[in-house]
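Each chain is listed here by its residues.
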Amino acid sequence: MGRHQVQLFLLSFAVILMHATTQLLNVEAQPCNPSGGIHGRTPPPGQCNDENDSDCCKKGQFYPTFTCSPAVSQRTKATLTLNSFEAGGDGGAPSECDSKFHPDSTPVVALSTGWYSRGKRCLDYITIYGNGKSVKAMVVDECDSTMGCDSDHDYQPPCPNNVVDASKAVWEALGVDSGDWGQLDIYWSDA
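Residues numbered from 1 in each chain as written. Predicted model: local features only at pLDDT ≥ 70, side-chain atom pairs only at ≥ 80, totals over all residues. Heavy atoms only, no water.

Basically, it comes down to this: UniProt positions are given in the numbering used here, feature names are shortened, and annotations may be inferred rather than shown by experiment.
Per an unreviewed UniProt entry, the protein chain is named Ripening-related protein 1, and its organism is Kalanchoe fedtschenkoi. Note on the protein chain: under the UniProt heading Subcellular location (unreviewed entry), the record states "Secreted". The Sequence similarities (unreviewed entry) comment attached to the protein chain in UniProt states, word for word, "Belongs to the kiwellin family."

The following block contains the structure:
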């Protein structure tokens, strides 16, 4: 191969590499749009646990569903919500990752479907940053963004696609007054 052919090959390779990198960045930068939706129905009496101000589905209301979540980065923006992972708590069934219930005094979380990534983060720790503090919490469940308003989901709506659903221990570690528990803008990263 002559010098000119080598230069042409390297230039072609550089153009292909730039194109592939641009395509990859475009895919990662694409927004996470709803994948569908669910029309709510009224839960049977006593079937929706509204502990921790959890919402119960409302008949006729449309709830968007998502199979994706925003892209994960070193500081992934999210909404922290409150959940009980104890038996009888508003989390419903045992945690998906280990088929166990977890005390409210343990820092554990459920991640929206896209971030849960089909269980790839199961039993891994994430670091949550909020209220000027940080805490490590173990991922034990999915906050399902694809389904809801049925008995499997305690007749609660699908989760938004940007939720870190946390135990009381996480809220306490972040120093949030209990009267302000419910929703908090946070950042998180894989620990």
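Having seen it, we continue.
### Some thoughts on the overall build of the protein chain
Cut-off, in case you're wondering: Numbering of helices and strands runs from the N terminus; a helix is a DSSP stretch of H or I covering at least four residues, while a strand is a stretch of E covering at least two. Think of it in three bands: with a 1.4 Å probe and only protein chains considered, a residue is buried below 20% of the maximum accessible area for its type, exposed above 50%, and partly exposed in between. We call two residues contacting when some pair of their heavy atoms lies within 4.5 Å. The accessible surface values rely on the Shrake-Rupley method and a 1.4 Å probe; as for residues, cover is taken only from the protein chains in view.
Secondary structure assignment for the protein chain yields three helices and eight strands. Scanning the protein chain from its N terminus toward the C terminus, one meets helices and strands in the order α-β-β-β-β-α-β-β-β-α-β. With 191 residues in all, the protein chain has 39% of them scored as buried. If you take every contact in the protein chain between residues at least 6 apart in sequence, the share linking residues at least 24 apart comes to 72%. Summed over its atoms, the accessible surface of the protein chain is roughly 11000 Å², and 53% of this surface lies on carbon and sulfur atoms.

### Quick look at the state of the cysteines
Which entries qualify depends on this criterion: When the sulfur atoms of two cysteines come within 2.5 Å, that pair is taken as a disulfide.
Scanning the entire structure with this criterion turns up five disulfides. The side chain of Cys32 participates in a disulfide bridge whose partner is Cys68; the two sulfur atoms lie 1.9 Å from each other. Between Cys32 and Cys68, the S-S torsion sits near 100 degrees, and that sign places the bridge as right-handed. You can see Cys32 sitting in the loop between helix 1 (3-29) and strand 1 (36-39) and its partner Cys68 sitting in the loop between strand 2 (62-65) and strand 3 (76-82), a full 36 residues away along the chain.

### Quick notes on the nonpolar core
As a reminder, the rule being used: Take the buried residues of types Ala, Val, Leu, Ile, Met, Phe, Trp, Tyr and Cys, join any two whose side-chain atoms come within 4.5 Å, and each joined set is a nonpolar core.
The biggest cluster of nonpolar side chains holds 22 residues, and the ones touching the most others in it are Leu80, Val109, Leu111, Ile126, Ile128, Val164 and Val170. At the level of secondary structure, the elements contributing two or more residues to this core comprise strand 3, strand 4 (108-112), helix 2 (113-116), strand 5 (125-130), strand 6 (133-143), strand 7 (163-166), helix 3 (168-173) and strand 8 (183-190). Look past the residues within four positions of Val164 in its chain and what remains in contact with it is Ala78, Thr79, Leu80, Thr81, Val109, Ala110, Leu111, Trp115, Ile126, Ile128, Ile186 and Trp188. Within the second largest apolar cluster, eight residues are counted, among which are Ala110, Met138, Cys143 and Val163.

### A word on the pattern of salt bridges
Once their charged atoms are close, side chains differing in charge can pair, the charge on each being opposite to the other. Definition in use: The term salt bridge refers to a side-chain nitrogen of Lys or Arg lying within 4 Å of a carboxyl oxygen of Asp or Glu.
Going through the model one piece at a time under the given rule, you end up with two salt bridges. Of the charged contacts, one joins Asp104 and Lys168 as a salt bridge, the two residues approaching to 3.9 Å between their closest N and O atoms. You can see Asp104 sitting in the loop between strand 3 and strand 4 and its partner Lys168 sitting in helix 3, a full 64 residues away along the chain. Residue classification places Asp104 among the buried residues on the basis of a relative accessible area of 11%.

### With respect to the sheet that holds strand 8
Rule in force here: For two strands to count as paired, DSSP must find a minimum of two bridges between them. Throughout, an axis means a line fitted to C-alpha atoms (over the contacting stretch in the case of helices), and angles, computed between N-to-C directions, take values from 0 to 180 degrees.
Overall, mixed pairing links the six strands, which are arranged 3-7-4-6-5-8 in a closed barrel. Averaged over all pairs of adjacent strands, the angle between strand axes in this sheet comes to 45 degrees, irrespective of strand direction. Relative to strand 7, strand 3 runs parallel, the two being bridged by four bridges. Residue Thr79 lies in a different strand from strand 7, and its bridge partner there is Val163.

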